[in-house]
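Fold and contact review
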Amino acid sequence: MRIFRFLSFLLFYLWEVILSNLRVARDILLPNSRFNCGIVAVPILELSDAGVAFLANLISMTPGTLSLDFCSETRRLFVHSMYLEDEATFINMIQTQYERRIAGFMNISSQ
């Protein structure tokens, strides 16, 4: 079951990277950029420190986002996004699309 979750996550992540590449390329090539940069403190609820490191690296490898820092006391990952439209939506996306999926196949939750 964990291998299925991993493969599912891998396909999801590859799709996200492709979409992000296209979005950044479009905004570089077209004169009307749609950048709305911002930094968000994302609460990390389900992952151990190793899981947070994995998540932070995935975020940094995705065009348009960059992991900046992790505060272990507050369990918040600081992320810069080139396309930040709504902070709450961004946090929800990281927690549901990335964090829960990673916790599902890594089996290294913080609890």
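Up top is the structure.
Residues numbered from 1 in each chain as written. Predicted model: local features only at pLDDT ≥ 70, side-chain atom pairs only at ≥ 80, totals over all residues. Heavy atoms only, no water.

1. Digging into the overall build of the protein
For clarity, the threshold we go by: Note on conventions: DSSP H or I runs of at least 4 residues are helices, E runs of at least 2 residues are strands, and numbering of each starts at the N terminus. The atom set for the radius of gyration is the C-alpha atoms, and the globule formula is 2.2 Å times the number of residues raised to the power 0.38. Burial classes follow relative accessibility: with a 1.4 Å probe on protein chains only, a residue under 20% of its type's maximum area counts as buried, one over 50% as exposed, and anything between as partly exposed. Note on definitions: a residue-residue contact is assigned when non-hydrogen atoms from the two residues lie within 4.5 Å. To be clear on the numbers: accessible area is Shrake-Rupley with a 1.4 Å probe, and residue cover counts the displayed protein chains and nothing else. By the counting scheme adopted, Arg and Lys are positive, Glu and Asp are negative, and His together with the chain ends is not counted. Note that the charge is assigned to NZ on lysines, CZ on arginines, CG on aspartates and CD on glutamates.
Across its full length, the protein carries three helices and three strands. Secondary structure elements of the protein, listed N to C terminal, follow the sequence α-β-α-β-β-α. In terms of overall size, the protein behaves like a compact globule, its C-alpha atoms giving a radius of gyration of 14 Å where 111 residues would be expected to give roughly 13 Å. Expressed as lengths along the three principal axes of its C-alpha atoms, the size of the protein is roughly 45 × 35 × 20 Å. Taken over 111 residues, the protein has a buried fraction of 36%. Counted over contacts in the protein with a minimum sequence separation of 6, partners at least 24 positions apart contribute 73%. Carbon and sulfur atoms make up 61% of the accessible area of the protein, which amounts to about 6,700 Å² in all. Positive and negative side-chain charges in the protein, numbering 9 and 10 respectively, have mean positions lying 8 Å apart.

2. Structural notes on the layout of surface pockets
Short version of the rule: A pocket here means an open set of points on a 1 Å grid, computed over the protein atoms alone, that has protein on both sides within 12 Å along at least five of seven lines. A cavity is instead a set of points where a 1.4 Å probe fits but cannot get out; residues with an atom within 4 Å of a point line either one. Grid points are joined across faces, edges and corners, and a volume is the space filled by probe spheres set on the points. When residues are grouped by polarity, Ala, Val, Leu, Ile, Met, Phe, Trp, Tyr, Cys and Pro land in nonpolar, Asp, Glu, Lys and Arg in charged, and all others, Gly among them, in polar.
Its boundaries defined by the atoms lining it, the largest pocket holds a volume of some 440 Å³. Around the largest pocket, the lining comprises 19 residues; the ones closest to its centre are R23, S81, Y83, F90 and M93. Where the lining of the largest pocket is concerned, the elements lending two or more residues are α1 (2-29) and α3 (87-106). Of all the elements, α3 adds the most residues to the lining of the largest pocket, at five residues. Classifying every residue of the lining of the largest pocket by side-chain character gives nine nonpolar, six polar and four charged.

3. Focus on helix α2 (residues 49-61)
Keep this limit in mind: Here, expected helix span is obtained from the residue count minus one, scaled by 1.5 Å. Within this analysis, the arc is defined by the directions that extend from the helix axis to the C-beta atoms.
Between its first and last C-alpha, α2 extends 18 Å over 13 residues, near the 18 Å set by a 1.5 Å rise per residue. Of the positions making up α2, those classed as buried are G51, V52, L55, A56, L58 and I59. Buried residues along α2 cover an arc of 160° about the axis, so they all sit on one side. Seen from the open side of α2, the exposed residues pointing more than 90 degrees away from its buried face are D49 and M61. On its buried side, α2 packs onto α1, β2 (65-71), β3 (76-81) and α3.

Read these as layout, nothing more, since geometry by itself doesn't imply function.
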